[in-house]
Amino acid sequence: MAPRSISKHRLHTDQHHAPVTSVLADGDVPYADHEMDEDERVIVALGYKQEFKREFSLWTTFCVSFAVLGLLPSFASTLYYGMGYAGTAGMVWGWIIAMIFIQCIAMSMAELCSAMPTSGGLYYAAAVLAPPGYGPLAAWITGWSNWIGQITAAPSVDYALSAMVLAAVSITNPDYVPTNWHTFLLTTLMMIMHAAISSMPTKRVAQFNSYGSTFNIIALIVTLIVIPAVAKNEPRFNSSKDVWGTISNQTDFPDGVAVLMTFVGVIWTMSGYDSPFHLSEECSNANIASPRAIVLTSGVGGLMGWFLQLVVAYTVVDIDAVIGSELGQPWASYLLQVLPQRAALGILGLTIVCGFSMGQGCMVAASRVTYAYARDDCFPLSRIWKKVNVHTQTPVNAVILNAILGILMCLLILAGSVAIGALFSIGAIAQFVAFAIPIFIRVFFVGHRFRKGPWHLGPFGPYVGAVGVTFVALMVPILCLPSVIKGNLTPDVMNWTCLVYGAPMLAVLVWWWVDARKWFKGPKVNVEHSIHPFVSEGIEPEDLAPAVEVASPPAKLADDKL
């Protein structure tokens, strides 16, 4: 049969676009029946149709991730871990040491993002880079760990936000005593509001997060200026010797371990820099802008976060009073300790607004992750959660699912502070594990077969990744340690991270071995291929000019084709 005529615009492409590392095997080339811009060529080369409008820029993508980072509200929510475990020395040394290693993880993640700019993010990367036969398992573990961390982010942020709001009410009205029911209902209201905003068109979501991140940056700068300028204590500042040289160890472990335990606050605060990866299908010039946004978020966030640590360390008067205050919110207690009440309420108000923006960013990022995994049929009823709303062009069903799950998780509020505190533990360790798996595979199994995108670390990539993975290996057991041991260890001070993270992950692994390994094959390509539809019409693949130049994936795809 003679080949039918094929229009040039259907198959012709600019061969100079950036390479990608794809799940598509050599020769399995997607095609399109319309002209594609550079971003669409990249996403089609990864095996996916372009389904979102690309209305995020480098700035607006950075704004979402910086909003998810939420330095001011994150610091306010985790002040207990830094100050409570090792005092001011633990805060200032712990943050800067942890940030060096976290920056290594962020840069390695950015390199992966440039090579594979898709909403699946780390999950997609793990599937593509894993050794032969292990792609689906690597994707399964990475995806579920990342998803668990993502869906707990908004509930934990909104819970902390509600606690701050009610603490502010208690300050202005001493007769008011918040109950767990009040906190739960306010948290639920926050979740519903964030779900509504996250369901709007991409352009509106980008605008909202742009405004929110701008406010976050301004509020952080205002806080850094106001606290030292208005501090009411005499002397106004602590001595550098006390700040840097005295570790106030509040744990039953040696000083070095206590400092490492303060890293949980840094890790939880800095876990939002992966958001540009998940938003890459909505970002223009994604394989350059998205990795830049990752590194920018981690770098700017780390530096400004350290400045905030210094300000608090130099001005705090009584650490025990801050940690043990009846307000139940260390940040509010600290502000009242060092500032006049009006100024303290003003800074607390700024923190609350920033916290609302942060919760919104978390909801957006989590919904895109849910959509990406549902697109590959990871969840029950995936056909529902992977639908893109025809009016807003956003994954509204995924947003609704995350909001419902988040509200159900917030029922832990009714069980007390220890139970709801588990959400923070899950977020820190789940995200950290998900970040490390694809980087570990890229460093120790892929080697020079890794196809770099336009943003990369050059020959230093494997070494930077190895440093980051080593840090994760050290910190995972540290994150599971309780602050006290032996006779002092009781259920109300137990670190429940092993249970709240380990139990669902164990269930996921059991599901894999019992059933999922039979049908889950990793990322599912949803574009048509030139290698398949034309053969039935008598056209051989070698007769066709490829629609998209696809970089050769690792050899694993030969016997683990997805």
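Quick note: structure is the one above.
Below, the structure is looked at part by part. Computed from a predicted structure; not experimentally measured.

**Looking at the pattern of salt bridges**
Under the definition given, this model contains two salt bridges. As a salt-bridge pair, Glu111 and Arg442 come within 3.4 Å of each other at their nearest N and O atoms. With Glu111 in helix α4 (residues 71–115) and Arg442 in helix α20 (residues 422–446), this pair connects stretches of sequence that are 331 residues apart. Look at Glu111 and you get buried, because its relative accessible area is 1%.

**Observations regarding the nonpolar core**
In this structure, Trp331 and Tyr334 are the most contacted members of the largest nonpolar core, which totals 163 residues. At 23 residues, α4 tops the list of elements feeding residues into this core. Among all residues touching Trp331, those that are not within four sequence positions of it are Leu72, Phe75, Ala76, Leu79, Met164, Thr223, Ile227, Val312, Ile347, Leu348 and Thr351.

**Overview of helix α6 (residues 135–172)**
Counted at 1.5 Å a residue, the expected span for α6 with its 38 residues is 56 Å, and the 56 Å between its end C-alpha atoms agrees. Of all the bends found along α6, the most pronounced is centred on Ala153 and spans about 30°, while Pro155, a proline, follows it within four residues. Extensive coverage of α6 is indicated by the burial of 33 of its 38 residues.

**A short note on unusual backbone geometry**
It is generally the case that most residues other than glycine have a negative phi and that most peptide bonds are trans. Residue Glu234 is joined to Pro235 through a cis peptide bond whose omega torsion reads -5°. Here Pro235 is to be found in the loop between α8 (202–230) and α9 (240–245). At Asn285, a residue that is not glycine, the phi angle is positive and equals roughly 55°. Relative to the assigned elements, Asn285 resides in the loop between α12 (275–278) and α13 (286–315).

**A short note on the packing of α4 against helix α15 (residues 330–338)**
Orientation of α4 relative to α15, taken along the N-to-C sense of each, is 95°, at an axis distance of 7 Å. By the criterion of interaxial angle, the relationship of α4 to α15 is roughly perpendicular. Facing Leu72, Phe75, Ala76, Leu79 and Tyr80 of α4, the residues of α15 in contact are Pro330, Trp331 and Tyr334. In the contact of α4 with α15, the residues fall into eight nonpolar, no polar and no charged.

Scoring rules and cut-offs
- Residues numbered from 1 in each chain as written.
- Predicted model: local features only at pLDDT ≥ 70, side-chain atom pairs only at ≥ 80, totals over all residues.
- Heavy atoms only, no water.
- Salt bridge = Lys/Arg side-chain N within 4 Å of Asp/Glu carboxyl O.
- Helix = DSSP H or I, 4+ residues; strand = E, 2+ residues; numbered from the N terminus.
- Buried < 20%, exposed > 50% of the residue type's maximum accessible area, 1.4 Å probe, protein only.
- Core = buried A, V, L, I, M, F, W, Y, C linked by side-chain atoms within 4.5 Å.
- Contact = heavy atoms within 4.5 Å.
- Expected span 1.5 Å × (residues − 1).
- Bend = angle between axes of the 7 residues up to and from the residue.
- Axes fitted to C-alpha atoms, helices over the stretch in contact; angles between N-to-C directions.
- Parallel < 35°, antiparallel > 145°, perpendicular 65-115°, else oblique.
- Nonpolar A, V, L, I, M, F, W, Y, C, P; charged D, E, K, R; others polar.

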